[in-house]
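In case you want the letters, here they are:
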Amino acid sequence: MATTKSFLILVFMILTTTSSTLATLEEMVTVLSIDGGGIKGIIPGIILEFLEEQLQEMDNNRDARVADYFDVIGGTSTGGLMTAMITTPNENNRPFAAANEIVPFYIEHGPKIFESSGKKSGPKYDGKYLMQILQEKFGETRLHEALTEVVISSFDIKTNKPVIFTKSNLVQSPQLDAKMYDICYSTAAVPVYFPPHYFVTNTSNGDKYEFNLVDGAIADVEPSLLSVSVATRLAKEDPAFASIRSLNYKQMLLLSLGTGTSVDFDKTYTAQETAKWGIMQWMLPLIDMISAANSYMNDYYLSTLFQAIDSQDNYLRVQENALTGTTTKMDDASVANMELLVQVGKKLLKKQVSNDNPETYEEALTKFAKLLSDRKKLRANKASS
């Protein structure tokens with residue numbers, strides 16, 4: 001059902017996208033999305049570090065940060081945490097974490113976040129250290145203080161509805177103006193792994209509003225599609241997004257970062273050998289199949305959209321599909337596995353983007369960084385003239 005809805009959305013996008021545009025580079029809307037995946041967040045962490053280094057070099061500015069170049073930054077689970085890290089302001093109103101601080105954060109705190117609770121029942125991890133470190137890092141900062149538009153998803157198990165934390169929604173839904181540590185814990189609260197998160201905010205009338213949240217991936221919507229949707233909605237409200245008001249996605253730059261899959265090496269099955277399977281035999285393989293299918297189909301929808309409007313260079317998906325062994329696990333925060341994940345990220349930069357695109361991810365990201373840099377300079381020149 002989810003894939004059918006996404007396909008219909010794609011068809012609508014293509015049919016309503018203009019075939020030509022008078023807009024310029026300075027009017028392009030830029031979107032960054034980061035998938036979930038627990039400790040595998042180290043992989044997109046490496047990619048973000050490379051991207052930020054390229055931007056700093058191009059603009060001759062060591063203080064340049066990823067958030068300076070994107071209109072919308074979205075993520076789910078570990079991707080939501082990274083989104084908050086690179087968009088939450090410090091005392092100087094700059095991102096409190098540079099991209100090169102993301103991987104060290106995971107390496108330092110991962111082993112304690114994923115330390116077994118020791119209990120025979122209940123979640124695998126008690127979440128206490130995760131909440132402690134989030135409170136320490138984010139303090140009392142709330143969503144409205146984020147340096148750019150953010151899109152962080154979660155799911156309310158009491159209302160049975162997704163909860164999307166975005167700055168642009170705060171006027172209509174002020175109860176969403178939660179503390180960043182509450183948002184980050186909620187989007188990372190994967191059922192079975194961490195306890196759900198309960199917290200309270202206030203409505204416009206001053207009434208209490210309750211949240212009972214778990215990991216945003218439960219909503220079964222990839223952060224890239226969600227982030228594009230938020231940008232599209234903003235086109236009706238914010239002049240900075242006016243260039244895509246008619247769904248003109250030729251004027252959008254989208255960078256989507258994955259946390260890796262094992263699709264290339266996943267075990268396969270035949271109809272004959274699964275014909276007599278019951279619920280227990282299907283449970284684990286089915287979860288893996290659905291996860292792999294969602295990741296693949298989401299990229300398929302978006303790449304088809306950008307190809308259909310002859311703007312394939314405006315969309316870049318960075319994903320490793322050949323994870324093996326311990327690197328496939330979202331909660332293996334052993335020193336050895338984290339070192340392997342660092343190597344996976346570094347090797348991914350040297351890999352070819354696809355069979356149809358001979359560029360390496362390193363080369364593709366450098367070209368993408370150039371577009372981001374040029375667009376930022378054009379906007380700055382226009383603002384000063």
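Note that the coordinates shown come from a computational prediction; the quantities given were computed from them, not determined experimentally. (Residues numbered from 1 in each chain as written. Predicted model: local features only at pLDDT ≥ 70, side-chain atom pairs only at ≥ 80, totals over all residues. Heavy atoms only, no water.)

**Student:** In this structure, what is going on with the pattern of salt bridges? I would like to understand it.
**Tutor:** Oppositely charged side chains are able to pair whenever their charged atoms sit close together. Counted according to the given criterion, the structure contains 13 salt bridges. Note that Asp59 is salt-bridged to Lys377, the shortest N-O span being 3.4 Å. Placement of the pair is Asp59 in the loop between helix H2 (42-58) and strand S2 (72-76) and Lys377 in helix H11 (residues 361-384), with a sequence separation of 318 residues. On the basis of relative accessible area, Lys377 is assigned to the partly exposed category, the value being 37%. Notably, a salt bridge pairs Arg379 with Asp71, separated by 3.3 Å at the nearest N-O pair. With Arg379 in helix H11 and Asp71 in the loop between H2 and S2, the pair connects residues that are 308 residues apart, well separated along the chain. Among the residues examined, Arg379 registers a relative accessible area of 25% and is labelled partly exposed. (Salt bridge = Lys/Arg side-chain N within 4 Å of Asp/Glu carboxyl O. Helix = DSSP H or I, 4+ residues; strand = E, 2+ residues; numbered from the N terminus. Buried < 20%, exposed > 50% of the residue type's maximum accessible area, 1.4 Å probe, protein only.)

**Student:** Would you mind going over helix H10 (residues 335-350) with me for this structure?
**Tutor:** It helps to recall that an α-helix has 3.6 residues per turn; residues three or four apart then point in one direction. When the terminal C-alpha atoms of H10 are compared, their 24 Å separation across 16 residues agrees well with the 22 Å that a helix rising 1.5 Å per residue should span. Those residues of H10 that sit buried are Asn337, Met338, Leu341, Val342, Val344, Gly345, Leu348 and Leu349. Down the axis of H10, the buried side of the element spans an arc of 155°, and every buried residue falls inside it. Of the exposed residues in H10, those oriented more than 90 degrees away from the buried face are Val335, Ala336, Glu339, Lys347 and Lys350. In the core, the buried residues of H10 are packed alongside H2, helix H4 (102-113), strand S8 (315-318) and H11. (Expected span 1.5 Å × (residues − 1). Arc of directions from axis to C-beta. Contact = heavy atoms within 4.5 Å.)

**Student:** Would you mind showing me how to read the nonpolar core here?
**Tutor:** A general trend in soluble globular proteins is that nonpolar side chains are found buried together. Ranked by internal contacts, the top residues of the largest apolar core, which has 78 residues, are Leu32, Leu48, Phe70, Phe138, Phe165, Leu255 and Val318. Among the elements that line this core, the one with the most residues is H2, at 8 residues. Residues in contact with Phe138, not counting those within four places in the same chain, are Leu81, Ala84, Met85, Thr88, Phe96, Met180, Tyr181 and Cys184. In terms of nonpolar packing, the next biggest core, distinct from the first, is built from 23 residues, Val31, Val228, Ile244 and Leu302 among them. (Core = buried A, V, L, I, M, F, W, Y, C linked by side-chain atoms within 4.5 Å.)

**Student:** Help me understand the packing of aromatic side chains, please; the structure alone is not making it clear to me.
**Tutor:** The geometry of an aromatic ring pair is captured by two quantities: the separation of the ring centres and the angle between the planes. Going through the model one piece at a time under the given rule, you end up with 13 aromatic pairs. Seen in terms of ring centroids, Tyr125 and Phe194 are 5.7 Å apart; in terms of plane orientation they differ by 40°. Their pairing is tilted. Taken together, the residues Tyr125 in the loop between H4 and helix H5 (128-138) and Phe194 in the loop between helix H6 (180-188) and strand S5 (197-202) connect sequence positions 69 residues apart. For the pair formed by Tyr125 and Phe194, the shared burial category is buried. Ring pairs connect the aromatic residues Phe114, Tyr125, Tyr193 and Phe194, which therefore count as one cluster. Over the ring of Tyr69 we find Lys376, and its NZ or CZ is 5.5 Å from the ring centre. (Phe/Tyr/Trp six-rings, centres within 6.5 Å; stacked < 30°, edge-to-face > 60°. Lys NZ or Arg CZ within 6 Å of the ring centre and 35° of its normal.)

**Student:** Before we go on, may I ask you to explain the pairing of strand S7 (residues 252-257) in this structure?
**Tutor:** For a regular strand, the rule is simple: side chains alternate between the two faces of the sheet. Judged by how many residues are buried, S7 sits mostly within the fold: 6 of 6 residues are covered. Looking at chain direction, strand S1 (residues 29-34) and S7 are connected through 6 bridges and run parallel. Note on S7: the bridge partner recorded for Thr30 is Leu253. Alignment of S7 against S8, held across 4 bridges, turns out to be parallel. (Pairing = 2+ DSSP bridges.)

**Student:** How do you make sense of the environment of Asn321 when you look at a structure like this?
**Tutor:** In this structure, Asn321 sits in the loop between S8 and H10. Sequence separation of Asn321 and Tyr296 is 25 residues, and the distance between their C-alpha atoms is 9.9 Å.

**Student:** I'm lost on empty space enclosed by the protein in this one. Help?
**Tutor:** One simple way to see leftover space: roll a probe sized like a water molecule over the atoms. On inspection of all chains with the given rule, the structure shows 2 cavities of 30 Å³ or more. Put simply, the largest cavity is a space of about 190 Å³. The wall of the largest cavity is formed by 18 residues, among which Thr78, Leu81, Phe114, Leu130 and Ala188 lie closest to the centre. Among the secondary structure elements, those contributing two or more residues to the lining of the largest cavity are helix H3 (78-87), H4, H5 and H6. Among the residues forming the lining of the largest cavity, the class breakdown is 13 nonpolar, 5 polar and no charged. (1 Å grid on protein atoms, 1.4 Å probe; cavity = no way out; pocket = protein on both sides within 12 Å on 5 of 7 lines; lining within 4 Å. Points joined across faces, edges and corners; volume = space filled by probe spheres on them. Nonpolar A, V, L, I, M, F, W, Y, C, P; charged D, E, K, R; others polar.)

**Student:** Is there a simple way to think about the layout of surface pockets in this case?
**Tutor:** Approximately 1200 Å³ is the volume found for the second largest pocket. Every residue lining the second largest pocket is counted, 35 residues in all, and those nearest its centre are Asp299, Arg317, Val353, Ser354 and Tyr361. Put simply, the parts of the chain that give the lining of the second largest pocket at least two residues each are helix H9 (279-308), S8 and H11. It is H9 that provides the largest number of residues to the lining of the second largest pocket, a total of 10 residues.

**Student:** Looking at this structure, how should I read the confidence of the model for the protein chain?
**Tutor:** Any segment with low pLDDT has predicted coordinates that should not be analysed in fine detail. Chain-level pLDDT for the protein chain is 89 on average; 92% of the residues reach the 70-or-more range. Segment residues 14-23 is flagged for pLDDT under 50; beyond a separation of four residues in sequence, or across chains, it makes 21 contacts in the model. (pLDDT = per-residue confidence, 0-100.)

**Student:** What's the story with a nonpolar patch on the surface in this structure? I'm lost.
**Tutor:** The grouping of Ile279, Met280 and Met283 at the surface amounts to a nonpolar patch, some 360 Å² of accessible area in total. Among the structural elements, Ile279 can be located in helix H9. Taking the relative accessible area as the measure of exposure, Ile279 reaches 65% and is therefore exposed. (Patch = residues over 30% accessible without salt bridge, like charges linked within 9 Å, V, L, I, M, F, W, Y side chains within 5 Å. Areas by Shrake-Rupley, 256 points an atom, 1.4 Å probe, with all protein chains shown as cover.)

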